[in-house]
2 protein chains.
Amino acid sequence: MKHREFKDRLYEELGRVARAIDSPRRLELIDLLAQGERSVEDLAAEAMLSMANTSQHLQVLRGARLVEARKEGLRVYYRLAQAEVHGVARAVRGLAQARLAEVDHLVQTHLESRDELEPLPREELLRRIRGGRAVVIDVRPREEYRAGHIPGALSIPLGELDKRLSELPARKEIVAYCRGPYCVMAYEAVARLRARGRRARRLTDGFPEWRASGLPVQTSAQPR
Amino acid sequence: MKHREFKDRLYEELGRVARAIDSPRRLELIDLLAQGERSVEDLAAEAMLSMANTSQHLQVLRGARLVEARKEGLRVYYRLAQAEVHGVARAVRGLAQARLAEVDHLVQTHLESRDELEPLPREELLRRIRGGRAVVIDVRPREEYRAGHIPGALSIPLGELDKRLSELPARKEIVAYCRGPYCVMAYEAVARLRARGRRARRLTDGFPEWRASGLPVQTSAQPR
DNA sequence: CCGATATTCAACTACTCAATTGATTAGTTG
DNA sequence: CAACTAATCAATTGAGTAGTTGAATATCGG
């Protein structure tokens, strides 16, 4: 094989992986899969795509070996083939935010009062957990909580927050987290808690970043 | 702005960056730019693309703010906007190699006797340099050497290796490096040196990885 | 100002990709 | 086995993209 040919084929293969993550939809699917294993139906609903379309995107990802599938009964459950897949997605996100003023502007204006919500660094939260002085709530859907969550966190999906307020201590500061830096759920939760007179902050980033940085993770007994 | 709309626009922006690096050609250009600033003409020649085509790819990269341009006289010099751009490209490469058997197979078979050439880790080379007991040659084109190289390395472009053999000590082990893990020049250099009875090894990876890991870099006085 | 050179632009072709639709497969439940 | 469901497949549409070609722009040396 000549150098030219080798080089072309090599970059073509690299492009195959890169192309798998180049689509906005697929990036979103990867973000969702970073929360844990999900069925196609589930993913389609979350990403607001048609089943067929979702399935096709997943095929592309599978073709690049970025996700793996497991069939159980009627459903097919997809998961990331390895943690680095989300790592690359995160790298792209970081680069995008640094490079594209548009992204930063979008995030700033939509997730407004970004700084007012006083994001809490991971390390600080870990210290509080270890010291037993943290009230942490996971506002993601229960399924995502089951697949893995911060140790000691309560699962209170955003929709249940209002009616389960009483479960939370009145005086202590509550820390909310969700899927990641661009996920709106924790912002929303903090805003609502404050509206009810509670002290609340959100964790910087979300669960996938927590796990990626090697911090301890708790898993619920799962109906595998 | 509604959540749906926000989410769509966000992922669309992310896709813009991702799409910029999804093309095999552009990945190759990024690899070349990781060596240092280059003119369009130069890049076109290296990547074996037409001028117009190269220019267009560079426009795309510039649109995503991944590269910056500087005009000097007739020429336009492009460079990476920040080191992380190559970082993402490296991440993609790593993922591709881990995920696609094809890439591994390509690299294994083409850069054959991969292990026989005994790649030398960066840290070990650094120790030798500090101890003054390393003979390092940079086999990239002279221009890339000028833009930055490993301290103390001799610039011996691959084409000149044969006629400049006498400059190299006969007994000491020679360490060759080039552009990166998929660059064939160092392999070729080591093979030729061994054919002449010299002891030679290659550095794992290449110069961009050396720089990315924060090790010292030397720059020649440059005709900026 | 002329000719030469590096780069970009504009227009076009061939190709690839996202998404939709309707049909099909595989597995479950009554 | 029939009815139902989750997922995939096949075929089609429209949009976007890569690459080529030739013209336009900008800059330099004489």
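### Some thoughts on the interface of chain A and chain B
- Each partner contributes to the interface: chain A provides 54 residues, whereas chain B provides 54 residues.
- With both chains or domains summed, chain A and chain B bury close to 5100 Å², and 70% of this area falls on carbon and sulfur atoms.
- The largest per-residue losses of area from chain A upon contact with chain B belong to Tyr11(A), Arg99(A) and Leu106(A), which jointly make up 14% of the total buried on that side.
- Summed over the shared surface of chain A and chain B, the result is 1 salt bridge.

### Points about the protein's contact with DNA strand D
- As a structural note, the neighbourhood of DNA strand D is formed by 23 residues, with Glu41(A), Ser55(A), Tyr78(A), His57(B) and Leu74(B) the closest of them.
- For DNA strand D, the fraction of protein-proximal atoms (within 4 Å) that sit in sugar or phosphate groups is 69%.
- Contact between DNA strand D and Arg25(B): a phosphate oxygen at 3.3 Å from a side-chain N or O atom of the residue.
- Of all the secondary-structure elements, those providing two or more residues to the surface near DNA strand D are helix H3 (40-47), helix H4 (51-63) and strand E3 (75-80) of chain A together with helix H2 (24-33) and helix H4 (51-63) of chain B.
- Top contributing element to the surface near DNA strand D by residue count: H4(A), with 5 residues.

### Examining the pattern of salt bridges
All names here are of chain A.
- For the structure on display, the rule yields 55 salt bridges over all chains.
- The salt bridge involving Arg142 is made with Glu160; its shortest N-O contact spans 3.1 Å. You can see Arg142 sitting in helix H8 (residues 142-147) and its partner Glu160 sitting in the loop between strand E5 (154-155) and strand E6 (174-177), a full 18 residues away along the chain.
- A residue is classified by how much of its surface remains accessible, and Glu160, at 19% relative accessible area, is buried.

### A look at the nonpolar core
- If you look at the biggest cluster of nonpolar residues, it comprises 74 residues, and the most contacted ones within it are Leu58(A), Leu66(A), Leu58(B) and Leu66(B).
- Not counting chain neighbours up to four residues away, the residues in contact with Leu58(B) comprise Leu29(B), Leu33(B), Val40(B), Leu43(B), Val67(B) and Tyr78(B).

### Description of the relation of the copies chain A and chain B
- Once chain A has been moved 0.0 Å along the axis and rotated by 179°, it coincides with chain B to within an RMSD of 0.1 Å. Here the copies are linked by what is in effect a two-fold axis. Residues of chain A ranked by C-alpha distance from the rotation axis are headed by Asp22(A), positioned 3.0 Å from it.
- The overlap is high: 100% of the interface residues of chain A also sit at the interface in chain B, so the same surface is used on both sides.

### Topic: empty space enclosed by the protein
- Enumeration over the complete set of coordinates arrives at 2 cavities of 30 Å³ or more.
- Computed from the structure, the largest cavity encloses a volume of approximately 40 Å³.
- Around the largest cavity, the lining residues are Tyr11(A), Leu14(A), Leu27(B), Asp31(B), Ala89(B), Arg90(B), Val92(B) and Arg93(B).
- Breaking the lining of the largest cavity down by element, the ones donating at least two residues are helix H1 (3-20) of chain A together with H2 and helix H5 (83-99) of chain B.
- The element that contributes the greatest number of residues to the lining of the largest cavity is H5(B), accounting for 4 residues.
- Considered class by class, the residues forming the lining of the largest cavity number 5 nonpolar, no polar and 3 charged.
- Along its surface, the second largest cavity is lined by Leu27(A), Asp31(A), Ala89(A), Arg93(A), Tyr11(B) and Leu14(B).
- Going through the elements one at a time, helix H2 (24-33) and helix H5 (83-99) of chain A together with helix H1 (3-20) of chain B are the ones with two or more residues in the lining of the second largest cavity.
- Considered class by class, the residues forming the lining of the second largest cavity number 4 nonpolar, no polar and 2 charged.

### Some details on the sheet that holds strand E4 (residues 135-138) of chain B
Residue and element names in this part refer to chain B.
- Here we have 4 strands laid out as an open sheet, ordered E5-E4-E6-E7, and parallel in their pairing. Each of the sheet's edge strands pairs with one partner strand only, and the pair in question is strand E5 (154-155) and strand E7 (200-202).
- Against the sheet, helix H9 (residues 185-195) contacts E4, strand E6 (174-177) and E7, and its axis sits at roughly 170° relative to E7.

### Some remarks on unusual backbone geometry
- Even without a glycine there, the phi angle at Arg65(A) is positive, about 60°.
- In this fold, Arg65(A) is placed in the loop between H4 and strand E2 (67-72).
- Unlike most non-glycine residues, Asp205(B) shows phi in positive territory, near 60°.
- One can find Asp205(B) in the loop between E7 and helix H10 (207-212).

### With respect to H4(A)
- The terminal C-alpha atoms of H4(A) lie 18 Å apart, and with 13 residues this matches the ideal 18 Å at 1.5 Å per residue to within 8%.
- Immediately beyond the C-terminal end of H4(A), within one or two residues, lies Arg65(A), with a positive phi of roughly 60°.

### What about the protein's contact with DNA strand C?
- As a matter of local geometry, DNA strand C sits amid 24 residues, with Arg26(A), His57(A), Glu41(B), Ser55(B) and Tyr78(B) nearest to it.
- Expressed as a percentage, the sugar and phosphate content of the atoms of DNA strand C within 4 Å of the protein is 70%.
- A distance of 3.1 Å separates a phosphate oxygen of DNA strand C from a polar atom in the side chain of Arg25(A).
- With respect to DNA strand C, the backbone of Glu41(B) contributes an N or O atom lying 2.6 Å from a phosphate oxygen.
- Listing elements by their share of the surface near DNA strand C, those giving two or more residues are H2 and H4 of chain A together with helix H3 (40-47), H4 and strand E3 (75-80) of chain B.
- Tallying contributions element by element places H4(B) first for the surface near DNA strand C, with 5 residues.

### A look at the sheet that holds E6(A)
All names here are of chain A.
- Pairing is parallel in the open sheet, where 4 strands are placed in the order E5-E4-E6-E7. Single-partner strands in this sheet number two, and they are E5 and strand E7 (200-202).
- Summarising the sheet, strand E4 (residues 135-138) and E6 pair through 4 bridges and their orientation is parallel. Each residue of the ladder has a partner; that of Val136, found in E6, is Val175.

Conventions used here
Residues numbered from 1 in each chain as written. Chains lettered and ligands numbered in written order. Predicted model: local features only at pLDDT ≥ 70, side-chain atom pairs only at ≥ 80, totals over all residues. Heavy atoms only, no water. Contact = heavy atoms within 4.5 Å. Buried area = accessible area lost by both parts, 1.4 Å probe. Salt bridge = Lys/Arg side-chain N within 4 Å of Asp/Glu carboxyl O. Near = heavy atom within 4 Å. Polar contact = N/O pair within 3.5 Å; in protein donor to acceptor, adjacent residues only side chain to side chain. Helix = DSSP H or I, 4+ residues; strand = E, 2+ residues; numbered from the N terminus. Buried < 20%, exposed > 50% of the residue type's maximum accessible area, 1.4 Å probe, protein only. Core = buried A, V, L, I, M, F, W, Y, C linked by side-chain atoms within 4.5 Å. Least-squares fit on C-alpha atoms with pLDDT ≥ 70 in both. 1 Å grid on protein atoms, 1.4 Å probe; cavity = no way out; pocket = protein on both sides within 12 Å on 5 of 7 lines; lining within 4 Å. Points joined across faces, edges and corners; volume = space filled by probe spheres on them. Nonpolar A, V, L, I, M, F, W, Y, C, P; charged D, E, K, R; others polar. Pairing = 2+ DSSP bridges. Axes fitted to C-alpha atoms, helices over the stretch in contact; angles between N-to-C directions. Expected span 1.5 Å × (residues − 1).

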